[in-house]
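# Working through the structure, step by step
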There are 2 protein chains.
Amino acid sequence: MSDKTTIRHYDLLPEPTLRRLPWYLAYLSTLRNASVEYISTTRIAEALDVDPSQIAKDLSFLGIRGKTRIGYQVDALESALRDYLGFDRHHNAIMMGAGSLGAALISDSGLNRYGLNIVAGIDINPDIIGSSINGVKIYGIDDASRLIKDLNIIIGIIAVPVESAQEVADTLANAGVKAIWNFTPSRIRVKEGVVISNTSIYSHLAVMYNRLSTLNPTQEQ
Amino acid sequence: MSDKTTIRHYDLLPEPTLRRLPWYLAYLSTLRNASVEYISTTRIAEALDVDPSQIAKDLSFLGIRGKTRIGYQVDALESALRDYLGFDRHHNAIMMGAGSLGAALISDSGLNRYGLNIVAGIDINPDIIGSSINGVKIYGIDDASRLIKDLNIIIGIIAVPVESAQEVADTLANAGVKAIWNFTPSRIRVKEGVVISNTSIYSHLAVMYNRLSTLNPTQEQ
């Protein structure tokens, strides 16, 4: 633990920081497109409505400090952020459920640009087993454990009906995935040591509907 | 404000409660499939690892109370939850950006089952303007404001490249949408009175990668 570089890289960042870093990255790509070469925390702060000292603190996790009066070099900061966030490394993943949402995610080339490499899909529907979506082959559930081992898969993505979410999560955890990305509204539980990330887009809808009905009662009722 | 039903319906629920309600709903659909008729908070609590008193409190927002020793009637609680969460009402939406992610979301029939009715898509690519995805017609950007008014669209979904996210958000807000669902990693800002909901799936990836590298340093480096 004396090697500072190593410590920095594996630091468990506070989640709010981790959620702000992609904002900075998105803003930087806008600047690069506009051929801006240097950027100050003050200007990032204005654009994103984040406190400048918070930005400096967040970026210091990357070991990068801006130059006085000049600020950060846009290209260098952008690639440091991409590297730090893991977007430049490949993470092999398996898609559990190749129905509507699963197929949609397999088709989203954006995930690949952010380091997610979906190498296989699993479904129970005999009509789609054996077919390919966006170059990704769909297998039956019995093949899942073997594929996870053979293809060095570390992430399992769950896009199955809610009723099957926990069972599928257990299958993934037992087969040795290190992280589960859950797109169902189910709360899933797995043994310690497996990272769970929830992106329940339908739950986000519920939050949005509630905010809408509060703001615009006449629209909603 | 003397009508209790109305007050309850438009209460701004705490977000943690709003995020748990879909868990209960997902669990209830599992039970219904298994023909379970009644359920206690204790059993829900065990299944979801949520404190029973918290569950009772969350459900009391819906004005539903369980019967002593019997608990909640599964069907009734499920439909009360769906209704309360807004999943049974139609919310007209426009998809801004019909590229990889936008097209994927238009194709996801799950959103429709949760009350989101995507009635039009917008893109700048002349090759797809005029085409249809999953029955949803794609228009050019100049048609956006007119469509929002004509089709009574209250939600704008943003799935454009990060560089254009803010500009598209401004277009939506000016055209009168009441809520913006932002799928880009950009932080967008709009005038007060417009609900913003962020589902930055790429940011969720960053959080997951960081947790992975912390848990499994040898896997990741």
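Heads up: the structure comes first, above all this text.
Residues numbered from 1 in each chain as written. Chains lettered and ligands numbered in written order. Predicted model: local features only at pLDDT ≥ 70, side-chain atom pairs only at ≥ 80, totals over all residues. Heavy atoms only, no water.

Quick look at the sheet that holds strand S8 (residues 179-182) of chain B now. Residues and elements named next belong to chain B. Pairing is mixed in the open sheet, where seven strands are placed in the order S5-S6-S4-S3-S7-S8-S9. Strands at the two margins of the open sheet, each flanked by one partner only, are strand S5 (132-133) and strand S9 (195-198). Bridging between strand S3 (residues 91-96) and strand S4 (residues 116-122) involves six bridges; their strand directions are parallel. In the strand pairing of S4, His91 is matched with Leu116. (Pairing = 2+ DSSP bridges. Helix = DSSP H or I, 4+ residues; strand = E, 2+ residues; numbered from the N terminus.)

All names here are of chain A. With mixed pairing, seven strands are arranged side by side in an open sheet as S5-S6-S4-S3-S7-S8-S9. With partners counted over all chains shown, the strands left at the sheet margins are strand S5 (132-133) and strand S9 (195-198), one partner each. Bridge analysis of strand S8 (residues 179-182) against S9 gives four bridges, and the strand direction is parallel. Following the sheet pairing, Ala179 is matched in S9 by Val195.

Moving on: the relation of the copies chain A and chain B. Both copies of the chain are tied together by a single rotation about an axis and a shift running along it. Mapping chain A onto chain B calls for a rotation angle of 180° and an axial translation of 0.0 Å; the resulting RMSD is 0.0 Å. Here the symmetry operator amounts to a two-fold rotation axis. Using C-alpha coordinates, one finds that chain A approaches the rotation axis most closely at Ala104(A), a distance of 2.2 Å. (Least-squares fit on C-alpha atoms with pLDDT ≥ 70 in both.)

Our focus in this paragraph is the pattern of salt bridges. Inspection of every chain in the model, using the stated rule, returns 16 salt bridges over all chains. Residue Glu78(A) is joined to Arg32(A) by a salt bridge in which the shortest nitrogen-to-oxygen separation is 2.6 Å. Of this pair, Glu78(A) sits in helix H5 (residues 74-85) while Arg32(A) sits in helix H2 (residues 15-33), and the two are 46 residues apart along the sequence. The salt bridge partner of Asp143(B) is Arg146(B), with a shortest N-O separation of 3.5 Å. With relative accessibility at 26%, the residue Asp143(B) sits in the partly exposed group. Given a relative accessible area of 41%, Arg146(B) falls into the partly exposed group. Each of Glu15(A), Arg19(A) and Arg211(B) takes part in salt bridges that share partners, so that together they form one network. (Salt bridge = Lys/Arg side-chain N within 4 Å of Asp/Glu carboxyl O. Buried < 20%, exposed > 50% of the residue type's maximum accessible area, 1.4 Å probe, protein only.)

Residue and element names in this part refer to chain A. Burial along strand S6 (residues 136-139) is one-sided: Val136 and Ile138 are buried, while Lys137 and Tyr139, pointing the other way, are not. The pairing of strand S4 (residues 116-122) with S6 spans two bridges and is parallel. Bridge pairing in S6 places Ile122 opposite Tyr139. Bridge count for S5 against S6 is two bridges, and the pairing is antiparallel. Each bridged residue has a counterpart across the sheet, and for Ser132 the counterpart in S6 is Lys137. If you look at the hairpin formed by S5 and S6, you'll find two residues sitting between the two strands, and Asn134 has a positive phi there, around 55°.

All names here are of chain B. The backbone of Ser35 sits at a positive phi, close to 60°, despite the residue not being glycine. For Ser35, the position within the fold is in the loop between helix H2 (15-33) and strand S1 (38-39). Relative accessible area serves as the criterion here: at 65%, Ser35 is assigned to the exposed category.

Interfaces are often described in size by the accessible area the parts lose on coming together. Taken residue by residue, the interface counts 75 residues in chain A and 75 residues in chain B. For the pairing of chain A and chain B, the buried interface totals around 7000 Å² over both sides, and the portion due to carbon and sulfur atoms is 62%. Counting across the chain A and chain B interface gives two salt bridges. Glu15(B) is the partner of Arg211(A) in a salt bridge, and the nearest nitrogen-oxygen pair spans 3.5 Å. (Contact = heavy atoms within 4.5 Å. Buried area = accessible area lost by both parts, 1.4 Å probe.)

In this fold, Glu15(A) is placed in helix H2. Judged by its relative accessible area of 33%, Glu15(A) falls in the partly exposed class. Residues Glu15(A) and Ile70(A), spaced 55 residues apart in sequence, show a C-alpha to C-alpha distance of 29 Å. The contact partners of Glu15(A), leaving out residues within four places of it in the chain, are Val207(B) and Arg211(B). There is a polar contact of 3.5 Å between the side chain of Glu15(A) and the side chain of Arg211(B). (Polar contact = N/O pair within 3.5 Å; in protein donor to acceptor, adjacent residues only side chain to side chain.)

Now for the pairing of strand S7 (residues 155-158) of chain A. Looking along a regular strand, one sees the side chains alternate between the two faces of the sheet. Residue and element names in this part refer to chain A. Of the two faces of S7, both are covered, the one formed by Ile155 and Ile157 as well as the one formed by Gly156 and Ile158. The pairing of strand S3 (residues 91-96) with S7 spans four bridges and is classified as parallel. Of the residues in S7, the one forming a bridge with Met96 is Ile158. As paired strands, S7 and S8 are joined by four bridges and run parallel to one another. Residue pairing across strands places Ile158 opposite Asn182, the latter belonging to S8. Viewed along the sheet, the connection from S7 through helix H9 (residues 165-175) into S8 turns out right-handed. (Right-handed = clockwise from strand over helix to strand, strands pointing away.)

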